[in-house]
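Here is how the chains run, residue by residue.
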Amino acid sequence: MFYLGESGSMLSVNRRISDIRSQVADWRSSGRTVGFVPTMGALHEGHGALIRASIEHCDRTVVSIFVNPLQFDRKEDLLTYPRDDKADQAFIEDLGAHALFLPSVEEMYPQEQWTILTQKTITNNLDGQARPGFFDGILTVVLKLFHMVSPDVAFFGLKDYQQVAVIRRMVADLNMEVEIRGIPTAREASGVAYASRNKLLSEDDRPHAALLYQALQATEAQFHQGIDDVDILLDGLRNALATIPNARIDYADLVDGVSLQLKTKKASVGDVLALAVYLGSVRLIDNLILSEKNSFLS
Ligand code: PAF
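Residues numbered from 1 in each chain as written. Predicted model: local features only at pLDDT ≥ 70, side-chain atom pairs only at ≥ 80, totals over all residues. Heavy atoms only, no water.

Engineer: How do you make sense of the site of the ligand when you look at a structure like this?
Structural biologist: Taken together, Pro38, Thr39, Met40, Asn68, Gln71, Ile138, Val141, Phe156 and Gln163 make up all the residues around the ligand. Contacts to the ligand include Gln71, whose side-chain N or O atom sits 2.7 Å from an oxygen atom. The separation between an oxygen atom of the ligand and a polar side-chain atom of Gln163 is 2.7 Å. Relative to its unbound accessible surface of 290 Å², the ligand loses 89% to contact with the protein. A breakdown of the residues in the shell around the ligand according to their chemical character gives five nonpolar, four polar and no charged. (Near = heavy atom within 4 Å. Polar contact = N/O pair within 3.5 Å; in protein donor to acceptor, adjacent residues only side chain to side chain. Areas by Shrake-Rupley, 256 points an atom, 1.4 Å probe, with all protein chains shown as cover. Nonpolar A, V, L, I, M, F, W, Y, C, P; charged D, E, K, R; others polar.)

What follows is the structure in structure tokens.
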């Protein structure tokens, strides 16, 4: 099925695995490279940055939208996850992506999924600890999606830093022939990281979301002033987060940028400050990779 969007270009919309497979096979037979942006929909500028990167680097871009039940531990989170397929389809088409893969739950999981992928060590902390089974669900669905789409390159946002690290490790451990690119977090002018869940914030909590990134930046500023003691840095971060009205800290930690193990003594460049904070009932995550002083890359 093709959808003619406002820009006049054609987006191929595929609901069946067999359809996306033959679409990609067709491109491959004419020597085209394929970029892939897996999403759960409710698309925003953060996804926009991934789709643009894919269009820039690859001949053809596939975006998938699938709200994956396997990565939700609380049923109500799955039920309240924002969904708007029509707006998402227009968004993808206007950016110039070439194909949308929009499978149903039955298409993805026609029978109970007995084979679940799991990963050691790197999932011990942060979201891996706070949300048991979360990364098993992500790894399993991403592996399935990779088998269906067979991309050359897959694009993921570094807002989900641990997700990117876990997927990179899966690809290395399983000798998969897909390149994983992590794209820097897209932010609103206020500093708030774009996230589908931002839509669920109350009017009162909305302005407070910007304080999360400000707290991360203030901690990095301390690091740049020469403070590298992890306890001092994390006390400062947690105290700043504790002053945000209606906020509850799930975690606020410093981890090694590759192994994602907790840093306990000295912070170094490349370590990641990572947090998950509830504003009301909405759980937001954000992170900051500690940069060199005067770096323009942070
Ligand atoms: O980041 C997401 O939106 C999801 O975790 C992903 C990678 C699409 C897997 O369901």
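Let us keep going from here.
Engineer: Please explain the layout of surface pockets as it appears in this structure.
Structural biologist: Leftover empty space is mapped by rolling, across the atoms, a probe with the size of a water molecule. There is about 410 Å³ of room inside the second largest pocket. Lining the second largest pocket are 20 residues; nearest its centre among them are Ile122, Ala165, Arg168, Arg169 and Val258. For the lining of the second largest pocket, the per-class residue count stands at 11 nonpolar, five polar and four charged. (1 Å grid on protein atoms, 1.4 Å probe; cavity = no way out; pocket = protein on both sides within 12 Å on 5 of 7 lines; lining within 4 Å. Points joined across faces, edges and corners; volume = space filled by probe spheres on them.)

Engineer: Can you help me understand the pairing of strand β10 (residues 282-289) in this one?
Structural biologist: When you tally the buried positions in β10, you get seven out of eight residues, the bulk of the element. Counting the residues that bridge the hairpin from strand β9 (residues 272-279) to β10 gives two residues, and of these Gly280 lies at a positive phi of roughly 60°. (Buried < 20%, exposed > 50% of the residue type's maximum accessible area, 1.4 Å probe, protein only. Helix = DSSP H or I, 4+ residues; strand = E, 2+ residues; numbered from the N terminus. Pairing = 2+ DSSP bridges.)

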